[in-house]
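Survey of secondary and tertiary structure
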Amino acid sequence: MKNAPPIVNPAGESWYRRSEEDVLKALGVSLEGLSASEAKERLDKDGPNEISAGKRIGIFQICLAQFRSLIIWVLIFAAVISAVVGETVNVIAILVIVILNAAMGFYQEYNAEKSVAALKLMVAPQAKVRRNGRALVVPASEVVIGDMLVLEAGDLVAADARLSDAATLEIIEAALTGESETVTKQTAALTAADVTVADQTNMVFMGTSVAKGTGRALVVATGMTTELGRIAGLIQRAQSETGTPLQRKLDAFGRVLVWAALGIVAVLFGLGLLRGTGFYELALTAISLAVAAVPEGLPAVVTIALSVGVMQMALRRVLVRKLAAVETLGSTTVICTDKTGTLTVGEMTVRKLYVAGQSYDVTGEGYGPGGDILRDGKSVASVDWAALIALSTIHLGCNNAHLLEEANVWKTIGDPTEGALLASAAKAGLDRETLERDDPKLFEIPFDSDRKRSAVIRRMPDGTSRVLVNGAPGPLLDICTHIYTDEGVQPLSPQSRADILGEISAMAKLALRVLGSAYRDLDDTTEGRSAGAVERDLVFVGLAGMYDPPRPEARQAIARCRTAGLRIIMITGDHPETASAIANEIGIATQASVITGAELQEMSDKDLQGRAAMTSVYARVTAGDKLRIVRALKANGDVVAMTGDGVNDAPAIKGADIGIAMGQSGTQVTKQAADLIIADDNFATIVEAIEQGRGIYDNIRKTLQYLLAGSTAELLLMTVCVVIGLPAPLLPIHLLWINLVTDGLPALCLATDAIDADVMKRPPRPPTERLTDRGFLATMLLTGTLTASVAFAVYLYMLGSADAETARSYAFTVMVFSEVLRAFGARSESKPVWTISLLTNRNLIVVVVLSFGIQILSQHNATLGNLLKSSPVPLADCLVLLALSAVPSFVLEISKLVRHQR
């Protein structure tokens, strides 16, 4: 009989709340599966089971995007001006800067357009389905709603599906939820509403993998209607279009610069016309003024500063995918971070043991054998070892995981919880080879979600059999009748039962995952190998409390963030109790108020925006929840950095101001969506990257001030001379030389200067702070006025005793000397030059010496003199000009002292 058509649209349905019969009816299918014709009909209707890569940005569009900045157009304008005055060399130099800047930006953006495409790598290439009553393998793209998936260990799940059968089925959902533990699946309907993906134990999802067991599941969503497809859609919509803080500020500055230059040129050009000045002379003057207003080296300096930052970050294990992200880090006010693997080690570790009425602490991190077992902070006495070995033997004997050391790093193959128990047993001195030789395994009863335990029967050295059981402590205690004590096995009294329950509660309050262990000696008359036959009348031995411990350096890194005025927010898929305990332990928040994903679903965006300002911990959240949190923080005016490793983190990473992926545990999708990749998955490395970002911003700011102060001096000198009717003190070639060479080379040294040691002792700058604030402009105007005044005085004096060409050479020389000397003081806006070691920027010393040498050489070399249109200046006069050129720097350093005293 042909299956009936589905009576509802599957997308958005709460399938986890429906029984198997309801699901079959809703999908219009039977347990025998679809027929070939039905599958084709549904495939034609719904389309292939594929993740859409979305609309891709073309290469031509990416190229054009590199010329959106007004600064670049100012630079192109400068090239046009240089071409008008016949300065071919300068035209080539400026265009090379423009082309290199565009090429680097193109490379970064082209590589950034691969986020959603990487999702396709996570989709199973093939799937096993049941059709016409038999199992067959089909391309995953041909899986349709209503298909019955057949799942086995090692399979990638091809679509979202509701389980109809599960035999010890465990799924690895780390890529989707961010949590490393396997999820045990079952088939019963869930009664609760609004259950998060991580808690939908009767569902399997596209892109996850089967760790162990088998199962069958009815497909309820394919392609872009799956959870993975929904995340792909979020990634496509999440990209911020506002640009980085530096991009916005440079664009704003470029607009001011363009209009200011045009305004000054227009006013002076009109003034010249009223005076009857010749058109050619006016045009030459206007060109000179326009060139003076343009800091031609600025885009190159910014690009190089960011590029050098990229190299320095690489040394600190930070890989930068987008140049502008380096600076954005420096303006970050909030870091949203995942818990597992970033703030924590990412490996389950046994922390406490309870056996024979005594509690023990276990030291060491991860799966390695390093560490000790302590009682009351001291080494365990020999009398305690018998009980510990009894407990550790069960941990080791009822265990299918394996530990492997690769490149001095211990890893687990299998379940992380069992790996933690193996490491704990190793610290007790046990090893698997000895156990397997002396107590060989006879058979095993795997874990299932109904019993909540697993069991292994082993042959003991005396020929008897013993069942070893590990499982959830509450249900395990219910089937125990005796207890292991220092005096031997005793009946399990009500008081002993109460003590055990009290210890379970105490471990749970510490956010530890608690596992109980028990055993029973079997007699030869035991019939069958079922769980019911062997899991009864057990001897309770003890408890193990484990968790994923914080990284040792996480607390210190978070303390540095607090000093630096950064707010840390933990966003995790883990349980609220665990998230709160870790947040309290590492200093994110004390007695943290936790918002869960279910609570987020009930909040409007406006409500979330209000709560986001005071909430530091979010738990059991989905990919969409994370993106909403990031957007709420951005709406509050924060500059948000988002870290993560799973596919569920990718939309929020894409939507944040700065996206940070984990290099070791991160999925390819997440890395493609990110701006930065942290190679060692360490939160402390993120803090180091923020320090680097702040330093780079400081360097760009002081470099910009250095360049603009020079342009201001040139403009003031040119304007004053034009207004009072004097000949132009500087020619276009002089201005281009100063802007590109004399200012440009020291500016490069400033842009790559050593980072101030106090950069992480001040709060982050406000996102709305202008790059050219009042203090910046005041210093720029003071510097420009001082430099222009000295140059004007020299020019005016020389006009009275020599011709205009000689006077220009003297003015040109004093401008060059002033700019070069000022570079030393420009290294800090607040610290006097003598408090900063010259040896921390040796390149600047070399550039200053070369600049002096080239300037003096140009006055005594005919070829260079002709190129720069410079007349000879005696060496004695050069020394006088050098002394005069030091006046602006001297005044600026005195002003720093005055400001410091205030």
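Data block above holds the structure.
Residues numbered from 1 in each chain as written. Predicted model: local features only at pLDDT ≥ 70, side-chain atom pairs only at ≥ 80, totals over all residues. Heavy atoms only, no water.

1. Looking at the overall build of the protein
- From N to C terminus, the protein includes 33 helices and 28 strands.
- Within the protein, the proportion of its 902 residues that are buried is 55%.
- Long-range contacts, defined as pairs at least 24 residues apart, comprise 71% of the intrachain contacts of the protein with a sequence gap of at least 6.
- As displayed, the protein offers around 37600 Å² of accessible surface, 59% of which is attributable to carbon and sulfur atoms. (Helix = DSSP H or I, 4+ residues; strand = E, 2+ residues; numbered from the N terminus. Buried < 20%, exposed > 50% of the residue type's maximum accessible area, 1.4 Å probe, protein only. Contact = heavy atoms within 4.5 Å. Areas by Shrake-Rupley, 256 points an atom, 1.4 Å probe, with all protein chains shown as cover.)

2. Quick word on the side chain of N49
- Position of N49 among the secondary structure elements: in the loop between α2 (36-46) and α3 (59-65).
- From its side chain, N49 meets the backbone oxygen of A140 in a polar contact 3.0 Å long.
- A polar side-chain atom of N49 sits 2.6 Å from the main-chain amide nitrogen of G223.
- Ignoring any residue separated from it by four or fewer positions in sequence, one finds N49 in contact with A140, S141, V143, A158, A159, M206, T222 and G223. (Polar contact = N/O pair within 3.5 Å; in protein donor to acceptor, adjacent residues only side chain to side chain.)

3. Some words on empty space enclosed by the protein
- Scanning all chains against the criterion turns up five cavities of 30 Å³ or more.
- Reported here for the largest cavity is a volume of approximately 100 Å³.
- What lines the largest cavity is simply L176, T177, V197, A198, E227, R230, I231, G573, V621, T622, A623 and N648.
- Only α7 (174-177) and α8 (227-238) provide two or more residues apiece to the lining of the largest cavity.
- For the lining of the largest cavity, the leading source of residues is α8, giving three residues.
- Tallied by class, the residues present in the lining of the largest cavity amount to six nonpolar, four polar and two charged. (1 Å grid on protein atoms, 1.4 Å probe; cavity = no way out; pocket = protein on both sides within 12 Å on 5 of 7 lines; lining within 4 Å. Points joined across faces, edges and corners; volume = space filled by probe spheres on them. Nonpolar A, V, L, I, M, F, W, Y, C, P; charged D, E, K, R; others polar.)

4. Focus: the sheet that holds strand β28 (residues 676-678)
- Pairing is mixed across the open sheet formed by eight strands, whose spatial order is β8-β28-β27-β26-β9-β23-β25-β24. At either margin of the open sheet sits one strand with a lone partner, and together these are β8 (318-320) and β24 (594-596). Sheet twist, expressed as the average angle between the axes of neighbouring strands with direction ignored, equals 20 degrees.
- Relative to strand β25 (residues 617-619), β24 runs parallel, the two being bridged by three bridges. Residue pairing across strands places T596 opposite A619, the latter belonging to β25.
- Of the strands in this sheet, β23 (567-571), β24 and β25 are in contact with helix α20 (residues 576-586), which crosses β25 at around 155 degrees. (Pairing = 2+ DSSP bridges. Axes fitted to C-alpha atoms, helices over the stretch in contact; angles between N-to-C directions.)

5. Thoughts on the packing of aromatic side chains
- Scanning the entire structure with this criterion turns up one aromatic pair.
- Measuring from ring centre to ring centre gives 5.1 Å for F817 and F852, while their planes differ by 65 degrees; the resulting arrangement is edge-to-face. Residue F817 is found in helix α30 (residues 804-825), and its partner F852 is found in helix α31 (residues 842-858); the two are separated by 35 residues along the sequence.
- Take F852: its relative accessible area is 17%, and that puts it in the buried class.
- Positioned above the aromatic ring of W15 is the side chain of R18, whose terminal nitrogen or guanidinium carbon lies 5.0 Å from the ring centre.
- When the ring centre of Y697 is taken as origin, the NZ or CZ atom of R765, which lies over that ring, is 3.1 Å away. (Phe/Tyr/Trp six-rings, centres within 6.5 Å; stacked < 30°, edge-to-face > 60°. Lys NZ or Arg CZ within 6 Å of the ring centre and 35° of its normal.)

6. Brief notes about unusual backbone geometry
- With a phi angle near 55 degrees, N132 is a residue other than glycine that sits in the positive phi range.
- Tracing the backbone shows N132 in the loop between β1 (126-131) and β2 (134-139).
- In this structure, K452 takes a positive phi of about 60 degrees despite not being glycine.
- Tracing the chain through its elements places K452 in the loop between β16 (441-448) and β17 (453-459).
- Since its relative accessible area comes to 40%, K452 is described here as partly exposed.

7. Brief notes about the environment of T412
- Of note, T412 is situated in strand β15 (residues 409-413).
- Taking the C-alpha atoms as reference points, T412 and H402, 10 residues apart in sequence, are found 5.7 Å from one another.
- Those residues in contact with T412 that sit more than four places away from it in its chain are Y367, A401, H402, L403 and G419.

8. Structural notes on the nonpolar core
- Counting 72 residues, the largest nonpolar core has I500, I588, I660 and F683 as the members making the most contacts within it.
- Ranked by residue count, the leading element in this core is helix α26 (residues 683-723), at eight residues.
- Those residues in contact with I660 that lie beyond four places of it in its chain are L329, A641, M642, T643, G644, I653, A674, L676, I678 and I686.
- Judged by nonpolar contacts, the second largest core, of 43 residues, contains A713, A747, A807 and A826. (Core = buried A, V, L, I, M, F, W, Y, C linked by side-chain atoms within 4.5 Å.)

9. Quick look at the packing of α26 against helix α28 (residues 744-751)
- Close contact between α26 and α28 brings their axes to 8 Å; oriented N to C, the two are set at 160 degrees. As judged from the angle between their axes, α26 and α28 are roughly antiparallel. The way α26 lies across α28 gives a crossing that is right-handed. Along its contact with α26, which presents N699, K702, T703, Y706 and L707, the element α28 presents P746, A747, L750 and A751. (Parallel < 35°, antiparallel > 145°, perpendicular 65-115°, else oblique. Left-handed = near helix turned anticlockwise from the far one by under 90°.)

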